[in-house]
Amino acid sequence: MMKRDVPVYLITGFLESGKTQFLDFTIHQSYFQIPDKTLLILCEEGEEEYDEESLKKVNTVIEIIEDPEDFNADTLQMLNKKHHPGRVLVEYNPLWSVDKFYQTDMPRYWDLAQHIVTVDASTFQIYMNNMKSLFMEMIRNADLVIFNRCQDEHPLANFRRSVKVVNSRAEVVFENEEGEIDDIFQDEMPYDMNADIIDIEDIDYGIWYVDMMDNLDKYVDKTVRFKGQVLKSRELNAGFFVPGRMAMTCCADDTQFIGYICKNPAAKRLRIGSWVTVTAKVKDEFMEVYNGRGPVLYATEIEAAEITLLYNFYKEELKRELEAFLVAFRCGNDLYPDETARCYKENDVEAPERTDEEKRMLKKAAWYSNFMDKRKPPTALIGEPEEED
(Lines give C-alpha, C1' and ligand atoms only; values in the text may rest on other atoms or scores of the structure.)
Protein backbone atom coordinates (compact mmCIF):
# COMPACT_ATOMS: atom_id res chain seq x y z
CA MET A 1 0.00 0.00 0.00
CA MET A 2 1.29 3.44 -0.92
CA LYS A 3 2.10 5.62 2.08
CA ARG A 4 -0.01 8.77 2.29
CA ASP A 5 1.39 12.22 3.02
CA VAL A 6 1.19 13.32 6.64
CA PRO A 7 -0.04 16.94 6.74
CA VAL A 8 1.87 19.16 9.18
CA TYR A 9 0.19 22.26 10.62
CA LEU A 10 2.52 24.91 12.05
CA ILE A 11 0.88 27.20 14.61
CA THR A 12 3.01 29.95 16.10
CA GLY A 13 2.61 33.26 17.90
CA PHE A 14 3.94 35.11 20.91
CA LEU A 15 3.23 33.91 24.45
CA GLU A 16 -0.47 34.15 25.37
CA SER A 17 -1.45 35.01 21.80
CA GLY A 18 -4.16 32.34 21.78
CA LYS A 19 -2.32 29.41 20.16
CA THR A 20 -3.49 26.79 22.68
CA GLN A 21 -7.06 28.05 22.73
CA PHE A 22 -7.21 28.03 18.93
CA LEU A 23 -5.75 24.52 18.64
CA ASP A 24 -7.84 23.02 21.44
CA PHE A 25 -11.03 24.38 19.88
CA THR A 26 -10.10 23.18 16.38
CA ILE A 27 -9.03 19.68 17.46
CA HIS A 28 -12.45 19.01 19.01
CA GLN A 29 -14.49 20.14 15.99
CA SER A 30 -16.28 17.39 14.07
CA TYR A 31 -14.99 18.63 10.71
CA PHE A 32 -11.40 18.20 11.92
CA GLN A 33 -11.67 14.52 12.89
CA ILE A 34 -9.67 11.85 11.04
CA PRO A 35 -9.44 8.08 11.61
CA ASP A 36 -5.66 8.18 12.17
CA LYS A 37 -3.80 9.47 15.20
CA THR A 38 -3.00 13.17 15.52
CA LEU A 39 0.38 14.08 17.03
CA LEU A 40 0.44 17.41 18.86
CA ILE A 41 3.98 18.72 19.44
CA LEU A 42 4.28 21.48 22.05
CA CYS A 43 7.35 23.71 22.10
CA GLU A 44 6.32 25.93 24.99
CA GLU A 45 3.94 25.89 27.94
CA GLY A 46 1.52 28.80 28.11
CA GLU A 47 -1.11 29.88 30.62
CA GLU A 48 -3.67 27.48 29.12
CA GLU A 49 -3.20 23.72 29.29
CA TYR A 50 -4.64 20.87 27.28
CA ASP A 51 -6.89 18.24 28.84
CA GLU A 52 -5.10 15.04 27.85
CA GLU A 53 -8.12 12.88 28.68
CA SER A 54 -10.25 15.01 26.38
CA LEU A 55 -7.62 14.76 23.64
CA LYS A 56 -7.61 10.96 23.87
CA LYS A 57 -11.28 10.99 22.87
CA VAL A 58 -10.32 12.61 19.55
CA ASN A 59 -7.32 10.30 19.06
CA THR A 60 -4.71 12.98 19.78
CA VAL A 61 -1.45 12.54 21.73
CA ILE A 62 0.88 15.22 23.12
CA GLU A 63 4.66 15.30 22.96
CA ILE A 64 6.63 18.16 24.55
CA ILE A 65 9.97 19.47 23.27
CA GLU A 66 11.44 21.74 25.94
CA ASP A 67 14.74 22.89 24.43
CA PRO A 68 15.26 24.46 21.00
CA GLU A 69 18.28 22.19 20.43
CA ASP A 70 15.97 19.17 20.69
CA PHE A 71 13.78 20.37 17.83
CA ASN A 72 15.72 18.59 15.14
CA ALA A 73 15.40 15.91 12.49
CA ASP A 74 16.34 13.08 14.88
CA THR A 75 13.68 14.02 17.42
CA LEU A 76 10.98 14.32 14.79
CA GLN A 77 11.99 10.98 13.27
CA MET A 78 11.79 9.35 16.70
CA LEU A 79 8.28 10.77 17.28
CA ASN A 80 7.19 9.60 13.86
CA LYS A 81 8.28 6.02 14.57
CA LYS A 82 6.73 6.11 18.03
CA HIS A 83 3.26 7.29 17.01
CA HIS A 84 2.91 6.77 13.21
CA PRO A 85 0.64 9.83 13.05
CA GLY A 86 -1.79 10.59 10.28
CA ARG A 87 -1.52 14.29 11.04
CA VAL A 88 0.92 16.53 12.97
CA LEU A 89 0.18 19.81 14.78
CA VAL A 90 3.15 21.86 15.97
CA GLU A 91 2.59 24.63 18.54
CA TYR A 92 5.90 26.35 17.92
CA ASN A 93 7.81 28.85 20.06
CA PRO A 94 8.76 31.81 17.78
CA LEU A 95 11.74 32.61 20.01
CA TRP A 96 13.30 29.42 18.61
CA SER A 97 13.21 31.07 15.16
CA VAL A 98 10.56 30.13 12.62
CA ASP A 99 13.29 30.04 9.99
CA LYS A 100 14.86 27.16 11.95
CA PHE A 101 11.58 25.24 11.68
CA TYR A 102 11.67 25.58 7.90
CA GLN A 103 15.31 24.52 7.80
CA THR A 104 14.70 21.37 9.86
CA ASP A 105 14.46 18.15 7.84
CA MET A 106 11.07 16.51 8.35
CA PRO A 107 10.47 12.73 8.36
CA ARG A 108 9.58 11.16 5.04
CA TYR A 109 6.02 11.86 3.92
CA TRP A 110 5.59 14.75 6.37
CA ASP A 111 4.38 17.71 4.34
CA LEU A 112 3.72 21.25 5.60
CA ALA A 113 0.04 21.86 4.91
CA GLN A 114 -0.57 25.21 6.60
CA HIS A 115 1.30 27.88 8.54
CA ILE A 116 -0.91 29.77 11.00
CA VAL A 117 0.01 32.74 13.21
CA THR A 118 -2.12 33.89 16.15
CA VAL A 119 -1.88 37.48 17.37
CA ASP A 120 -3.33 39.15 20.46
CA ALA A 121 -4.60 42.46 19.04
CA SER A 122 -4.38 44.13 22.46
CA THR A 123 -0.58 43.62 22.63
CA PHE A 124 0.26 43.70 18.92
CA GLN A 125 1.62 47.25 18.87
CA ILE A 126 3.84 46.58 21.90
CA TYR A 127 5.38 43.56 20.18
CA MET A 128 5.80 45.48 16.92
CA ASN A 129 7.69 48.22 18.77
CA ASN A 130 9.97 45.82 20.64
CA MET A 131 10.14 42.53 18.69
CA LYS A 132 9.30 43.53 15.13
CA SER A 133 11.91 41.29 13.50
CA LEU A 134 10.49 38.19 15.21
CA PHE A 135 6.95 39.04 14.14
CA MET A 136 8.04 39.63 10.55
CA GLU A 137 9.81 36.27 10.56
CA MET A 138 6.63 34.58 11.82
CA ILE A 139 4.33 35.99 9.15
CA ARG A 140 6.69 35.99 6.16
CA ASN A 141 5.52 32.54 4.98
CA ALA A 142 2.21 32.33 6.85
CA ASP A 143 -0.98 31.19 5.12
CA LEU A 144 -3.31 32.54 7.81
CA VAL A 145 -2.87 35.28 10.43
CA ILE A 146 -5.56 35.46 13.15
CA PHE A 147 -5.90 38.61 15.25
CA ASN A 148 -7.97 37.74 18.33
CA ARG A 149 -9.32 39.80 21.26
CA CYS A 150 -10.03 42.68 18.90
CA GLN A 151 -11.81 45.80 20.14
CA ASP A 152 -13.36 48.79 18.43
CA GLU A 153 -10.50 51.12 19.37
CA HIS A 154 -7.84 48.94 17.73
CA PRO A 155 -6.58 50.19 14.32
CA LEU A 156 -7.34 46.86 12.65
CA ALA A 157 -6.93 48.20 9.13
CA ASN A 158 -3.35 49.23 9.97
CA PHE A 159 -2.72 45.79 11.52
CA ARG A 160 -3.80 44.13 8.30
CA ARG A 161 -1.59 46.38 6.17
CA SER A 162 1.38 45.54 8.40
CA VAL A 163 0.91 41.89 7.48
CA LYS A 164 0.11 42.38 3.80
CA VAL A 165 3.19 44.49 3.06
CA VAL A 166 5.35 41.58 4.25
CA ASN A 167 3.22 38.71 2.95
CA SER A 168 0.65 39.67 0.34
CA ARG A 169 -0.80 36.16 0.00
CA ALA A 170 -1.58 35.67 3.70
CA GLU A 171 -5.24 35.58 4.71
CA VAL A 172 -5.87 37.91 7.66
CA VAL A 173 -8.80 37.27 10.01
CA PHE A 174 -10.00 39.36 12.96
CA GLU A 175 -11.96 38.01 15.93
CA ASN A 176 -13.52 39.57 18.99
CA GLU A 177 -15.03 37.69 21.92
CA GLU A 178 -18.10 36.79 19.84
CA GLY A 179 -16.24 35.58 16.77
CA GLU A 180 -15.08 36.89 13.41
CA ILE A 181 -15.41 40.59 12.58
CA ASP A 182 -16.55 41.69 9.13
CA ASP A 183 -16.35 44.97 7.23
CA ILE A 184 -13.52 46.55 9.20
CA PHE A 185 -11.88 48.14 6.16
CA GLN A 186 -14.42 50.80 5.42
CA ASP A 187 -12.05 53.32 7.00
CA GLU A 188 -11.23 56.41 5.00
CA MET A 189 -8.12 56.34 2.88
CA PRO A 190 -5.51 59.06 3.52
CA TYR A 191 -6.04 60.25 -0.08
CA ASP A 192 -9.09 61.43 -2.01
CA MET A 193 -10.57 58.47 -3.89
CA ASN A 194 -12.96 60.78 -5.74
CA ALA A 195 -10.33 63.14 -7.12
CA ASP A 196 -9.66 63.29 -10.87
CA ILE A 197 -6.08 62.31 -10.04
CA ILE A 198 -5.52 60.42 -6.77
CA ASP A 199 -2.28 61.81 -5.34
CA ILE A 200 -0.39 59.24 -3.25
CA GLU A 201 1.97 60.92 -0.80
CA ASP A 202 5.27 59.21 -0.04
CA ILE A 203 4.16 58.26 3.47
CA ASP A 204 0.95 56.65 2.12
CA TYR A 205 2.58 54.50 -0.57
CA GLY A 206 2.43 51.31 1.51
CA ILE A 207 -1.23 51.87 2.37
CA TRP A 208 -2.10 52.39 -1.29
CA TYR A 209 -0.08 49.36 -2.40
CA VAL A 210 -1.85 47.01 0.03
CA ASP A 211 -5.33 48.47 -0.43
CA MET A 212 -5.17 48.23 -4.22
CA MET A 213 -3.93 44.65 -3.92
CA ASP A 214 -7.03 43.72 -1.91
CA ASN A 215 -9.60 46.06 -3.45
CA LEU A 216 -8.52 46.41 -7.07
CA ASP A 217 -12.09 46.84 -8.33
CA LYS A 218 -12.44 50.24 -6.63
CA TYR A 219 -9.28 51.53 -8.35
CA VAL A 220 -9.95 50.25 -11.88
CA ASP A 221 -10.18 53.12 -14.41
CA LYS A 222 -9.08 55.67 -11.80
CA THR A 223 -5.94 57.77 -12.28
CA VAL A 224 -3.22 57.76 -9.63
CA ARG A 225 -0.05 59.80 -9.23
CA PHE A 226 2.90 58.77 -7.07
CA LYS A 227 6.67 58.82 -6.86
CA GLY A 228 8.65 55.61 -7.33
CA GLN A 229 11.98 54.13 -8.30
CA VAL A 230 12.40 52.45 -11.68
CA LEU A 231 12.87 48.69 -11.77
CA LYS A 232 13.10 46.62 -14.96
CA SER A 233 13.06 42.87 -15.43
CA ARG A 234 13.88 40.45 -18.21
CA GLU A 235 10.47 38.92 -17.60
CA LEU A 236 8.86 42.14 -18.85
CA ASN A 237 8.69 43.42 -22.41
CA ALA A 238 10.44 46.63 -23.45
CA GLY A 239 7.38 48.78 -22.91
CA PHE A 240 6.97 47.79 -19.25
CA PHE A 241 8.68 48.73 -16.00
CA VAL A 242 7.86 48.72 -12.28
CA PRO A 243 7.84 52.03 -10.40
CA GLY A 244 8.02 51.14 -6.71
CA ARG A 245 9.73 51.49 -3.38
CA MET A 246 11.73 49.45 -0.91
CA ALA A 247 9.70 48.24 2.09
CA MET A 248 11.21 46.96 5.32
CA THR A 249 10.07 43.42 6.11
CA CYS A 250 12.17 42.21 9.00
CA CYS A 251 14.76 44.85 9.79
CA ALA A 252 16.67 47.64 8.10
CA ASP A 253 18.88 45.03 6.40
CA ASP A 254 15.92 42.97 5.21
CA THR A 255 13.88 44.92 2.68
CA GLN A 256 12.00 44.08 -0.48
CA PHE A 257 10.90 46.07 -3.49
CA ILE A 258 7.12 46.52 -3.85
CA GLY A 259 5.36 47.96 -6.85
CA TYR A 260 3.00 47.28 -9.75
CA ILE A 261 3.69 46.78 -13.43
CA CYS A 262 3.46 49.97 -15.48
CA LYS A 263 3.16 50.27 -19.26
CA ASN A 264 4.47 53.15 -21.35
CA PRO A 265 6.49 53.32 -24.60
CA ALA A 266 9.10 55.46 -22.82
CA ALA A 267 9.88 52.63 -20.39
CA LYS A 268 12.89 51.47 -22.42
CA ARG A 269 14.53 54.89 -22.02
CA LEU A 270 14.17 55.00 -18.23
CA ARG A 271 17.29 54.38 -16.20
CA ILE A 272 17.06 51.59 -13.60
CA GLY A 273 17.15 53.07 -10.10
CA SER A 274 16.08 56.56 -11.17
CA TRP A 275 13.20 58.26 -9.39
CA VAL A 276 10.12 59.21 -11.40
CA THR A 277 6.71 60.70 -10.75
CA VAL A 278 4.14 58.54 -12.52
CA THR A 279 0.60 59.51 -13.49
CA ALA A 280 -1.28 56.41 -14.62
CA LYS A 281 -4.69 54.86 -15.16
CA VAL A 282 -5.32 51.58 -13.31
CA LYS A 283 -6.45 48.45 -15.18
CA ASP A 284 -7.15 44.87 -14.11
CA GLU A 285 -5.36 42.53 -16.53
CA PHE A 286 -3.71 39.13 -16.76
CA MET A 287 0.09 39.19 -16.47
CA GLU A 288 2.36 36.16 -16.45
CA VAL A 289 4.59 37.68 -13.77
CA TYR A 290 1.50 37.87 -11.53
CA ASN A 291 0.56 34.28 -12.38
CA GLY A 292 -2.92 35.64 -12.92
CA ARG A 293 -4.78 38.93 -12.98
CA GLY A 294 -3.60 42.01 -11.16
CA PRO A 295 -3.13 45.78 -11.32
CA VAL A 296 -1.51 47.17 -14.47
CA LEU A 297 -0.73 50.89 -14.60
CA TYR A 298 -1.02 52.66 -17.96
CA ALA A 299 1.22 55.71 -17.56
CA THR A 300 0.02 58.89 -19.21
CA GLU A 301 2.86 60.97 -17.82
CA ILE A 302 6.32 60.16 -16.44
CA GLU A 303 8.43 62.95 -14.94
CA ALA A 304 11.95 62.80 -13.56
CA ALA A 305 11.75 63.25 -9.80
CA GLU A 306 15.50 63.15 -9.17
CA ILE A 307 16.03 66.87 -9.84
CA THR A 308 13.91 67.85 -6.84
CA LEU A 309 15.41 65.13 -4.66
CA LEU A 310 18.98 66.14 -5.54
CA TYR A 311 18.23 69.83 -5.09
CA ASN A 312 16.85 69.29 -1.58
CA PHE A 313 19.83 67.10 -0.67
CA TYR A 314 22.50 69.50 -1.91
CA LYS A 315 20.67 72.52 -0.51
CA GLU A 316 21.22 71.09 2.98
CA GLU A 317 24.81 70.20 2.14
CA LEU A 318 25.48 73.75 0.89
CA LYS A 319 24.00 75.22 4.07
CA ARG A 320 26.48 73.23 6.14
CA GLU A 321 29.36 74.22 3.88
CA LEU A 322 28.39 77.88 4.14
CA GLU A 323 28.36 77.68 7.94
CA ALA A 324 31.89 76.30 7.91
CA PHE A 325 33.01 78.97 5.45
CA LEU A 326 31.60 81.76 7.64
CA VAL A 327 33.43 80.40 10.69
CA ALA A 328 36.69 80.45 8.73
CA PHE A 329 35.96 83.93 7.41
CA ARG A 330 35.22 85.38 10.85
CA CYS A 331 38.33 83.81 12.35
CA GLY A 332 40.54 84.91 9.47
CA ASN A 333 39.28 88.48 9.60
CA ASP A 334 39.19 88.72 13.39
CA LEU A 335 35.46 89.45 13.41
CA TYR A 336 34.86 87.74 16.75
CA PRO A 337 34.85 90.03 19.86
CA ASP A 338 37.94 89.88 22.05
CA GLU A 339 37.90 88.15 25.42
CA THR A 340 37.30 91.44 27.31
CA ALA A 341 33.99 91.92 25.53
CA ARG A 342 30.81 91.92 27.60
CA CYS A 343 29.46 88.74 25.98
CA TYR A 344 32.41 86.73 27.32
CA LYS A 345 32.00 88.09 30.85
CA GLU A 346 28.29 87.26 30.98
CA ASN A 347 28.86 83.75 29.66
CA ASP A 348 31.86 82.84 31.79
CA VAL A 349 30.89 79.15 32.02
CA GLU A 350 32.49 75.98 30.81
CA ALA A 351 31.64 75.41 27.15
CA PRO A 352 29.58 72.29 26.44
CA GLU A 353 31.21 69.43 24.57
CA ARG A 354 30.94 69.89 20.85
CA THR A 355 28.74 67.58 18.82
CA ASP A 356 30.11 65.50 15.95
CA GLU A 357 28.45 67.88 13.49
CA GLU A 358 30.11 70.91 15.15
CA LYS A 359 33.49 69.15 15.10
CA ARG A 360 33.04 68.37 11.40
CA MET A 361 32.15 72.00 10.68
CA LEU A 362 35.21 73.35 12.56
CA LYS A 363 37.47 70.91 10.74
CA LYS A 364 36.06 72.11 7.44
CA ALA A 365 36.48 75.73 8.58
CA ALA A 366 40.15 75.10 9.34
CA TRP A 367 40.56 73.70 5.83
CA TYR A 368 38.92 76.77 4.30
CA SER A 369 41.18 79.10 6.31
CA ASN A 370 44.28 77.59 4.69
CA PHE A 371 43.58 79.21 1.34
CA MET A 372 41.33 82.13 2.33
CA ASP A 373 43.08 85.44 1.41
CA LYS A 374 41.82 87.12 4.61
CA ARG A 375 40.99 90.32 2.74
CA LYS A 376 37.90 92.20 3.87
CA PRO A 377 35.38 93.48 1.30
CA PRO A 378 35.22 97.23 0.55
CA THR A 379 33.61 99.14 3.41
CA ALA A 380 30.81 100.30 1.13
CA LEU A 381 29.68 96.71 0.72
CA ILE A 382 29.20 96.15 4.45
CA GLY A 383 27.09 99.19 5.09
CA GLU A 384 29.57 101.87 6.22
CA PRO A 385 28.91 105.32 4.71
CA GLU A 386 31.44 106.59 2.19
CA GLU A 387 33.37 109.74 3.04
CA GLU A 388 32.30 112.84 1.20
CA ASP A 389 34.83 114.81 -0.85
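Before any of the text, the structure's been laid out above.
In this text the structure is predicted, and so the values were computed from the model without any measurement.

*Asks:* Lay out the overall build of the protein chain in plain terms, naming residues and giving numbers.
*Replies:* The secondary structure content of the protein chain amounts to 11 helices and 15 strands. Counting across all 389 residues of the protein chain, residues that qualify as buried make up 39%. Of the contacts formed within the protein chain by residues at least 6 apart in sequence, a portion of 70% connects residues at least 24 apart. Approximately 24200 Å² of the protein chain is accessible, and the part contributed by carbon and sulfur atoms is 48%.

*Asks:* Lay out the pairing of strand β6 (residues 144–148) with the relevant residues and their values.
*Replies:* Most of β6 sits out of view: five of its five residues are buried. Burial along β6 is two-sided: L144, I146 and N148 facing one way and V145 and F147 facing the other are all buried. Sheet topology places β6 next to strand β7 (residues 171–176); four bridges connect them, and they run parallel. What sits directly across from V145, in β7, is V172. For the segment spanning β6, helix α7 (residues 156–166) and β7, crossover handedness is right-handed.

*Asks:* Explain a negative patch on the surface to me, using residue names and the numbers behind them.
*Replies:* On the surface, a cluster of negative charge is made up of E45, E49, E66, D67, E69 and D70. Within the secondary structure, E49 is located in the loop between β2 (38–42) and α2 (52–56). Since its relative accessible area comes to 66%, E49 is described here as exposed.

*Asks:* Which residues make up helix α3 (residues 73–83), and what values go with them?
*Replies:* When we look at burial in α3, the residues that qualify are T75, L76, L79, N80 and H83. With its buried residues spanning 135 degrees around the axis, α3 presents them on a single face. Exposed and facing more than 90 degrees away from the buried side of α3 are D74 and K81. In this structure, the buried side of α3 is in contact with β2, β3 (60–64) and β5 (110–120). Put simply, N72 is the residue that caps the front of α3, since its side-chain oxygen is 3.1 Å from the backbone nitrogen of D74.

Rules behind the numbers
- Residues numbered from 1 in each chain as written.
- Predicted model: local features only at pLDDT ≥ 70, side-chain atom pairs only at ≥ 80, totals over all residues.
- Heavy atoms only, no water.
- Helix = DSSP H or I, 4+ residues; strand = E, 2+ residues; numbered from the N terminus.
- Buried < 20%, exposed > 50% of the residue type's maximum accessible area, 1.4 Å probe, protein only.
- Contact = heavy atoms within 4.5 Å.
- Areas by Shrake-Rupley, 256 points an atom, 1.4 Å probe, with all protein chains shown as cover.
- Pairing = 2+ DSSP bridges.
- Right-handed = clockwise from strand over helix to strand, strands pointing away.
- Patch = residues over 30% accessible without salt bridge, like charges linked within 9 Å, V, L, I, M, F, W, Y side chains within 5 Å.
- Salt bridge = Lys/Arg side-chain N within 4 Å of Asp/Glu carboxyl O.
- Lys, Arg positive; Asp, Glu negative; His and termini not counted.
- Charge placed at Lys NZ, Arg CZ, Asp CG, Glu CD.
- Arc of directions from axis to C-beta.
- Polar contact = N/O pair within 3.5 Å; in protein donor to acceptor, adjacent residues only side chain to side chain.

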